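Secondary and tertiary structure notes
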Amino acid sequence: MDEADIPRVAEIESLQNQVPWSAQSFADALRYGWHCRVLKDAAGLVLGYCVTMTAGDDEELLTITVRPDLTRQGLGKLLMQEVLAGAQQRHAGQIFLEVRESNQGAIRLYEQMGFKIGGMRKNYYPIPADPLMLRPAGREHALLMSLSLGEAQP
Ligand SMILES: CC(C)(COP(=O)(O)OP(=O)(O)OC[C@H]1O[C@@H](n2cnc3c(N)ncnc32)[C@H](O)[C@@H]1OP(=O)(O)O)[C@@H](O)C(=O)NCCC(=O)NCCS
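Here is what the cut-offs are and how they apply
Residues numbered from 1 in each chain as written. Predicted model: local features only at pLDDT ≥ 70, side-chain atom pairs only at ≥ 80, totals over all residues. Heavy atoms only, no water. Helix = DSSP H or I, 4+ residues; strand = E, 2+ residues; numbered from the N terminus. Expected span 1.5 Å × (residues − 1). Buried < 20%, exposed > 50% of the residue type's maximum accessible area, 1.4 Å probe, protein only. Contact = heavy atoms within 4.5 Å. Near = heavy atom within 4 Å. Polar contact = N/O pair within 3.5 Å; in protein donor to acceptor, adjacent residues only side chain to side chain. Areas by Shrake-Rupley, 256 points an atom, 1.4 Å probe, with all protein chains shown as cover. 1 Å grid on protein atoms, 1.4 Å probe; cavity = no way out; pocket = protein on both sides within 12 Å on 5 of 7 lines; lining within 4 Å. Sits in = over half its atoms within 2 Å of the grid points. Nonpolar A, V, L, I, M, F, W, Y, C, P; charged D, E, K, R; others polar.

Spanning 15 residues, helix α3 (residues 75–89) covers 21 Å between terminal C-alpha atoms, matching the ideal 21 Å at 1.5 Å per step. Along α3, the positions that sit buried rather than exposed are L75, G76, L79, M80, V83, L84, G86 and A87. For α3, the elements touching its buried residues are β1 (35–40), β2 (46–55), β3 (58–66), β4 (94–100), α4 (104–112) and β6 (138–148). Downstream of α3 by one or two residues, H91 has phi in the positive range, about 60 degrees.

A word on the site of the ligand. Around the ligand, 21 residues are found, and the nearest of them are V66, R72, G76, K77 and N103. A distance of 3.4 Å separates an oxygen atom of the ligand from a polar atom in the side chain of Q16. Within the side chain of N103, one N or O atom sits 2.7 Å away from an oxygen atom of the ligand. Compared with its free state, where it exposes 910 Å², the ligand has 76% of that area covered by protein. When each cavity is represented as a set of grid points, the ligand is found to reside in the largest pocket. Among the secondary structure elements, those contributing two or more residues to the shell around the ligand are β3, α3, β4 and α4. Taken together, the residues of the shell around the ligand break down into seven nonpolar, ten polar and four charged.

Following this line, the structure appears as structure tokens:
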């Protein structure tokens, strides 16, 4: 990912996430030297992206997203393979992530890659109010998942 990708990345982010990162957050991630990757088609259009950061001897997956019209076509798995390959190159011992308890699709993807649930942060994520559904703002638990890189699935 570079600066030029950020407007499109932020647009996809706003379509796919309840509490999206801003364009500034992605710019900061680049500035901090976090590992920001984009998946593009042959014409250079952004299909998805992921951001990880090195945390001591380990790595943390901060965000991963696929364009809404392109989900369930294997692109999330491709991005996760990129996450694993990058972490292995950097000799990370484990990869950690947090995921909304309700995000069963993402949880299944992570489990497919070999991640295991190791804990929970109660009421961690905000749920924005939805006036159309008459739903007030709330909170949701986060599941903590991790993968020891020796156990990564191919
Ligand atoms: C989560 C996300 C990245 C998955 O990307 P994707 O391209 O759809 O994933 P893939 O097509 O590679 O799916 C791989 C496997 O994950 C599981 N999976 C992915 N999405 C799923 C869904 N909605 N329901 C059930 N299983 C799902 C399936 O096991 C799938 O394999 P299959 O299609 O052969 O059954 C994508 O749905 C997304 O961008 N979601 C919004 C952002 C988000 O929630 N990110 C994660 C934050 S922690």
